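Below, each chain spelled out in residue letters.
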Amino acid sequence: EAGVAQSPRYKIIEKRQSVAFWCNPISGHATLYWYQQILGQGPKLLIQFQNNGVVDDSQLPKDRFSAERLKGVDSTLKIQPAKLEDSAVYLCASSLAGQGSNEQYFGPGTRLTVT
Amino acid sequence: GDSVTQMEGPVTLSEEAFLTINCTYTATGYPSLFWYVQYPGEGLQLLLKATKADDKGSNKGFEATYRKETTSFHLEKGSVQVSDSAVYFCALSSGATNKLIFGTGTLLAVQP
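What counts, and where the lines are drawn
Residues numbered from 1 in each chain as written. Chains lettered and ligands numbered in written order. Predicted model: local features only at pLDDT ≥ 70, side-chain atom pairs only at ≥ 80, totals over all residues. Heavy atoms only, no water. Helix = DSSP H or I, 4+ residues; strand = E, 2+ residues; numbered from the N terminus. Buried < 20%, exposed > 50% of the residue type's maximum accessible area, 1.4 Å probe, protein only. Contact = heavy atoms within 4.5 Å. Phe/Tyr/Trp six-rings, centres within 6.5 Å; stacked < 30°, edge-to-face > 60°. Disulfide = S-S within 2.5 Å. Buried area = accessible area lost by both parts, 1.4 Å probe. Salt bridge = Lys/Arg side-chain N within 4 Å of Asp/Glu carboxyl O. Nonpolar A, V, L, I, M, F, W, Y, C, P; charged D, E, K, R; others polar.

1. A closer look at the side chain of A:Gln37
Relative to the helices and strands, A:Gln37 is located in strand E4 (residues 31–37). Under the relative-accessibility criterion, A:Gln37 is labelled buried at 9%. Non-local contacts of A:Gln37, meaning those with residues more than four positions away in its chain, are made with A:Gly42, A:Pro43, A:Ala88, A:Val89, A:Leu91, B:Gln38 and B:Phe89.

2. Details of the packing of aromatic side chains
Residue and element names in this part refer to chain B. Within this structure, the stated rule accounts for 12 aromatic pairs over all chains. Taking 6.1 Å as the distance between ring centres and 75° as the angle between the ring planes, the aromatic pair formed by Tyr25 and Tyr66 counts as edge-to-face. Within this pair, whereas Tyr25 is found in strand E4 (residues 23–26), its partner Tyr66 is found in the loop between strand E8 (62–65) and strand E9 (75–77), the two being separated by 41 residues in sequence. With respect to class, Tyr25 is no different from Tyr66; both count as buried.

3. Points about the state of the cysteines
Here the structure, examined in full by the defined rule, presents two disulfides over all chains. A sulfur-sulfur separation of 1.9 Å characterises the disulfide bridge that pairs A:Cys23 with A:Cys92. Between A:Cys23 and A:Cys92, the disulfide has an S-S torsion of -70° and is therefore left-handed. Taken together, the residues A:Cys23 in strand E3 (residues 19–24) and A:Cys92 in strand E9 (residues 88–95) connect sequence positions 69 residues apart. A residue is classified by how much of its surface remains accessible, and A:Cys92, at 0% relative accessible area, is buried. Between the sulfur of B:Cys23 and that of B:Cys90 lies a disulfide, 1.9 Å long from S to S. Negative torsions about the S-S bond denote left-handed disulfides, and the value of about -70° found for B:Cys23 with B:Cys90 makes this one left-handed. Of the two residues, B:Cys23 is situated in strand E4 and B:Cys90 in strand E10 (residues 86–93); the sequence distance between them amounts to 67 residues.

4. Re the interface of chain B and chain A
One frequent convention defines the size of an interface as the accessible area lost when the parts assemble. Each partner contributes residues to the interface: chain B has 20 residues there, and chain A has 26 residues. A combined buried area of about 1,600 Å² lies between chain B and chain A, and 49% of that area is made up of carbon and sulfur atoms. Counting the surface chain B buries against chain A, the share from its top three residues, B:Leu44, B:Asn98 and B:Lys99, is 32%. Applying the counting criterion to the chain B and chain A interface returns one salt bridge. Among the secondary structure elements, those contributing two or more residues to the side of chain B that touches chain A are strand E5 (32–38), strand E6 (44–50), E10 and strand E11 (100–102) of chain B. Top element by residues in the side of chain B that touches chain A is E5(B). It accounts for four residues. For the side of chain B that touches chain A, the residue count by class is eight nonpolar, 10 polar and two charged.

Right, here's the structure in full:
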């Protein structure tokens, strides 16, 4: 079974530029998560989708971050404009459903460096 | 709000030593508890989990017991190997959304 796919794996941009990350979850997984992991910290949830609807985006900086999951499968996370403090690894995860203790499966992440 | 606190690293051990990584949590309600592991250059993987008080999760020789009275979920292994070198994250999920809240991670380095 294929795992969660993410691209690109690495990205370097200058501040004020824009960037987009792509995630393809495990087939059949209804719930998709985007996490931000800053160096030396644990991952922090940015946004959670159930199919193509947003369940939780309370920690998403909406003035510069946006995310979509139009057909309930793939998802894109965008930052515009980027700031230095956005340098982090962006992790995508998926699970069968969003309740209980369903295991979340993580992709390899995209390492973003903002200079 | 809910939170997880785990011991700071790095933890450096010799091969075959006993490992304990402490984790405590604060949560309303009855969370599920997890340990995730991140090997060098790889993504996060679930190591073990426990969903209710007194449950013991175990995998690959690692164990952790859900202690409601002390709000703890300490990770243990009787004899570590070099291949166990990784960053270990304690996490909880609670409420209807299954959102994971992570600790800051503990780097384990096992020397031969």
